[in-house]
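Chains, contacts and geometry: an overview
Chain residues, written in single-letter form:
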Amino acid sequence: MTAEDLLTTIDDHGVRLLRFLWCGNDGTVRAKASGRHGLAGRLSAGIGLTVAMGAMNSLDQLQPVPGMGPVGEVRLAPDLDTFRLLPYAPHVGALLTDQLQLDGAPAAACPRSFLKRMEARLAERRLALQAAFENEFSLATRVDGAYVPLDSGLCFSTISMTACQDYIAELAAALEAQQIPLEQYYAELGHGQQEISTAHVPALQAADEQLLVRETIRAVASRRGLVASLAPKPWPNNAGNGCHIHFSLWEQGRNRFYDGSQPDGLSETARAFIAGVLAHLPGLCALTAPSYNSYHRIVPQSWAGAFVCWGHDNREAPVRAASPFRGAEEGSTNAELKASDASCNPYVAVGALIAAGLDGIERALEAPDPVELDPATLSADERAARGIAEMPDTQAQALDALEADGLLLEALGPELARSYLAVRRSEWETYSAGDMGFEQQGHFEKY
Ligand code: GLU
Ligand code: MG
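In this text the structure is predicted, and so the values were computed from the model without any measurement.

1. A look at the packing of helix α11 (residues 395-403) against helix α13 (residues 414-432)
- Look at α11 against α13: their axes get within 9 Å of each other, and the N-to-C directions meet at 160°. Comparing the axis directions of α11 and α13 gives the class roughly antiparallel. Crossing of α11 over α13 shows left-handed handedness. Residue-level inspection shows Gln-395, Ala-396, Leu-399, Asp-400, Leu-402 and Glu-403 of α11 in contact with α13, the latter providing Tyr-420, Leu-421, Arg-424, Arg-425, Glu-427 and Trp-428.

2. Observations concerning the site of ligand 1
- Lining the immediate surroundings of ligand 1 are Glu-136, Glu-188, Glu-195, Gly-240, Gly-242, His-244, Arg-297, Ser-302, Trp-303, Arg-315 and Lys-338.
- Within the backbone of Gly-240, a nitrogen or oxygen atom sits 3.0 Å from a nitrogen atom of ligand 1.
- A distance of 2.7 Å separates an oxygen atom of ligand 1 from a polar side-chain atom of Arg-297.
- Considered on its own, ligand 1 offers 300 Å² of accessible surface; in the complex 91% of this is hidden by protein.

3. Quick word on the packing of helix α7 (residues 268-288) against α11
- Between α7 and α11, whose axes approach to 7 Å, the crossing angle comes to 115°. In terms of crossing hand, the pair formed by α7 and α11 is left-handed. Along its contact with α7, which presents Pro-282, Gly-283, Cys-285, Ala-286 and Leu-287, the element α11 presents Ala-398, Leu-399, Ala-401 and Leu-402.
- Class assignment for the residues of the contact of α7 with α11 results in eight nonpolar, one polar and no charged.

4. Comments concerning the coordination of the magnesium ion (ligand 2)
- Each protein donor to the magnesium ion (ligand 2) is listed here as Glu-136 (OE), Glu-188 (OE) and Glu-195 (OE); together their distances run 2.0 to 2.1 Å.
- Donor residues for the magnesium ion (ligand 2), ordered by position in the chain, follow E-x51-E-x6-E. You can see Glu-136 sitting in strand β6 (residues 128-143) and its partner Glu-195 sitting in strand β9 (residues 193-198), a full 59 residues away along the chain.

What counts, and where the lines are drawn
Residues numbered from 1 in each chain as written. Chains lettered and ligands numbered in written order. Predicted model: local features only at pLDDT ≥ 70, side-chain atom pairs only at ≥ 80, totals over all residues. Heavy atoms only, no water. Axes fitted to C-alpha atoms, helices over the stretch in contact; angles between N-to-C directions. Helix = DSSP H or I, 4+ residues; strand = E, 2+ residues; numbered from the N terminus. Parallel < 35°, antiparallel > 145°, perpendicular 65-115°, else oblique. Left-handed = near helix turned anticlockwise from the far one by under 90°. Contact = heavy atoms within 4.5 Å. Near = heavy atom within 4 Å. Polar contact = N/O pair within 3.5 Å; in protein donor to acceptor, adjacent residues only side chain to side chain. Areas by Shrake-Rupley, 256 points an atom, 1.4 Å probe, with all protein chains shown as cover. Nonpolar A, V, L, I, M, F, W, Y, C, P; charged D, E, K, R; others polar. Donors = N, O, S within 2.8 Å, 3.2 Å for Na, K, Ca; no water.

So, in structure tokens, the structure goes:
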């Protein structure tokens, strides 16, 4: 879309404010908005943003990171093709942005540019990653300052579905209005827990849409006096919210994860990519399940993947090879990363997933034997004999694993890696010194 077309659309719809959105190292979505006056200039040159935001954690505590202090600016440069009218905010639109240096080059720590770099590395092999985010979230009301789940229904319960049908209808309409195809909805296991999945699309678009989806889930709820939370573990004794990432590799319209001659339909490329993801998973999950709260979700027998393994339709494996659908085998062959939640920066998460998978392809790694049972039912010795390691127990352990993963650090680049680690380490320092109430308050309404 050209700037001229965009301005015409904006005027046709009476848009008065245009949000320039970005997602930080803390995984929160933030924005600066432009009024109509001066908008043409901001569409081409961007909005100014302090470089310090790269070092801001999810408690708005600025971390000491070289080059990310009070001096210096980047530009939030919009990608005009991402424009959406926001159905939940009258006369408001949104755009996703890259962070550019003043000379127009991508800022070294720009997460969206990181994902583009990883896509370019795939493109060198004529490959492109398609991804879909599957968001689980909790609907709650506030009673005397406490969050109370909207219902206490059963998994996939139609009673739970009915309890929030007006909200879901508005959510579905809002996604449709933003041209984000909703695939499925159901009430999930947890009290108040819902799940929606959206269509698989090219990686960058998937990450852009993930921010729009998160915004929409929360905003539609807030207009109805509800709180929607995508926090990984919204209540200590209620099911966790995953944000599973489905992925497959494509080359000129063909799914390179698919090989019809294999009994499970998975190609050698798919197996090598999965092997790369598994080889890097302990560090990768610091980027895909990145918050303090994330590690209260990734525990055994919670269907979040607490042991490093993969399996066919194994919902206790952090990487699940999803069974394809009869008659649509090629199109539906994909793998699912379950060790992922919506407190991640989706650009960082998908970019790192590509880096890990590509490493598997480049080194022609062999996938370990698939695990076709719940690994928690094996003894520790049996798991050790099968080479099944435990996932990190805490955010701090995941960050240690990331810091020890040279390939992921190199892919991120020193600026993004350094600022990311500083931000997430500081969250660990703060939350590990607090109690469960502080943890809940710190995550429930930020994700
Ligand atoms: N709620 C689970 C999680 O935390 C996932 C349940 C499922 O398999 O959909 O990831
Ligand atoms: Mg689910």
